[in-house]
Amino acid sequence: MAFAHYSVAIPFDISKHTKISISPSFCSTESLSFLAFTSSSFSSPFPLLSRARNLSTFPRINRVGHKAKAEPQESEVQLAAEPFSQFKHLLLPITDSNPYLSEGTRQAAATTAALAKKNGADITVVVIDEKQKEVLPGHETQLASVRWHLSEGGFQEFKLLERLGEGSKPTAIIGEVADDMNLDLVVMSMEAIHSKHVDANLLAEFVPCPVLLLPL
């Protein structure tokens with residue numbers, strides 16, 4: 001009882017309490033717990049000081065937390081968008097035998113042209129077929145279709161390769177061309193995979209650059 005009477009008789013040092021309430025963010029978890037315990041267990045002769053401490057501690061911590069959370073989100077968006085500006089040479093494989101191009105191939109051609117135009121990139125087209133040119137009656141019509149669809153996207157000039165009757169798998173040919181020409185991106189439709197023209201399991205093994213697979 002003598003100790004309790006002695007502790008009440010000593011006046012509080014306002015400056016010390018003020019320092020604690022002004023910089024709560026530098027206190028440890030144990031310090032904050034101790035402050036909460038003492039304010040609820042004992043009546044303070046300075047009620048306004050206790051209220052100021054309670055109001056200033058937690059809102060300040062919340063504001064700091066929200067600010068720290070927003071910054072990584074902005075940087076993540078920038079990092080996600082940045083690689084697309086580095087694609088300077090795109091590969092458009094033609095694997096179907098339709099002289100007027102299949103729906104998926106037309107979609108891939110339009111997407112390739114749009115990406116190349118946006119990033120100032122070049123386009124290489126590789127026409128792949130297991131048959132020789134002589135036994136492909138619609139081959140010239142197919143090349144004309146490729147030129148027309150790319151010109152619709154603003155590309156009159158592009159590099160054209162023909163890999164016909166070689167007996168190699170189309171996926172291996174795509175990977176070989178992408179590697180030899182140091183290409184940045186391959187644009188294809190999922191239609192080429194569904195039609196069995198391209199083996200999806202081999203894309204990661206043979207293609208040394210990113211592959212954009214467009215849904216049907």
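All values reported here derive from a predicted model rather than from experimental measurement.

A. Structural detail: the overall build of the protein. When you go through the protein residue by residue, the secondary structure sums to nine helices and five strands. If you list the helices and strands of the protein from N to C, you get α-α-α-α-β-α-β-α-β-α-β-α-α-β. The proportion of buried residues among the 216 residues of the protein is 30%. For the protein, contacts bridging at least 24 residues in sequence account for 79% of all contacts bridging at least 6.

B. Geometry of the sheet that holds strand β5 (residues 211–214). The strand order β3-β2-β1-β4-β5 describes an open sheet built from five strands, whose pairing is parallel. One side of each edge strand has no neighbouring strand; the edge strands of this open sheet are β3 (159–164) and β5. Neighbour to neighbour, the strand axes of the sheet diverge by 20° on average, direction disregarded. With four bridges joining them, strand β4 (residues 185–189) and β5 adopt parallel strand pairing.

C. Here's a closer look at unusual backbone geometry. At L101, a position not held by glycine, the phi torsion is positive, near 70°. Structurally, the position occupied by L101 is in the loop between β1 (89–94) and α5 (103–119). Exposure remark for L101: the relative accessible area of 1% places this residue in the buried category. Even without being glycine, N182 reaches a positive phi, approximately 55°. Checked against the element boundaries, N182 lands in the loop between α7 (170–180) and β4. Taking the relative accessible area as the measure of exposure, N182 reaches 62% and is therefore exposed.

D. Spatial organisation of the side chain of H139. For H139, the position within the fold is in helix α6 (residues 139–152). For H139, the residues in contact, after removing those within four places along its chain, are V127, K133, E162 and L164.

E. Inspection of the pattern of salt bridges at higher detail. Within the structure shown, the criterion is met by three salt bridges. Of the charged contacts, one joins E162 and K133 as a salt bridge, the two residues approaching to 3.1 Å between their closest N and O atoms. Taken together, the residues span a long stretch of sequence, with E162 in strand β3 and K133 in the loop between β2 (122–129) and α6 at a distance of 29 residues. In this structure, R163 engages E166 in a salt bridge whose closest nitrogen and oxygen atoms are separated by 2.6 Å. For R163, a relative accessible area of 16% gives the class buried.

F. Region of the structure containing the side chain of H89. Mapping H89 onto the fold places it in strand β1. Judged by its relative accessible area of 18%, H89 is buried. For H89, the side chain forms a polar contact with the side chain of T124, separated by 2.7 Å. The contacts of H89, once residues within four sequence positions are left out, are A121, D122, I123, T124, M181, L183, D184 and L185.

Reading guide: rules and limits
Residues numbered from 1 in each chain as written. Predicted model: local features only at pLDDT ≥ 70, side-chain atom pairs only at ≥ 80, totals over all residues. Heavy atoms only, no water. Helix = DSSP H or I, 4+ residues; strand = E, 2+ residues; numbered from the N terminus. Buried < 20%, exposed > 50% of the residue type's maximum accessible area, 1.4 Å probe, protein only. Contact = heavy atoms within 4.5 Å. Pairing = 2+ DSSP bridges. Axes fitted to C-alpha atoms, helices over the stretch in contact; angles between N-to-C directions. Salt bridge = Lys/Arg side-chain N within 4 Å of Asp/Glu carboxyl O. Polar contact = N/O pair within 3.5 Å; in protein donor to acceptor, adjacent residues only side chain to side chain.

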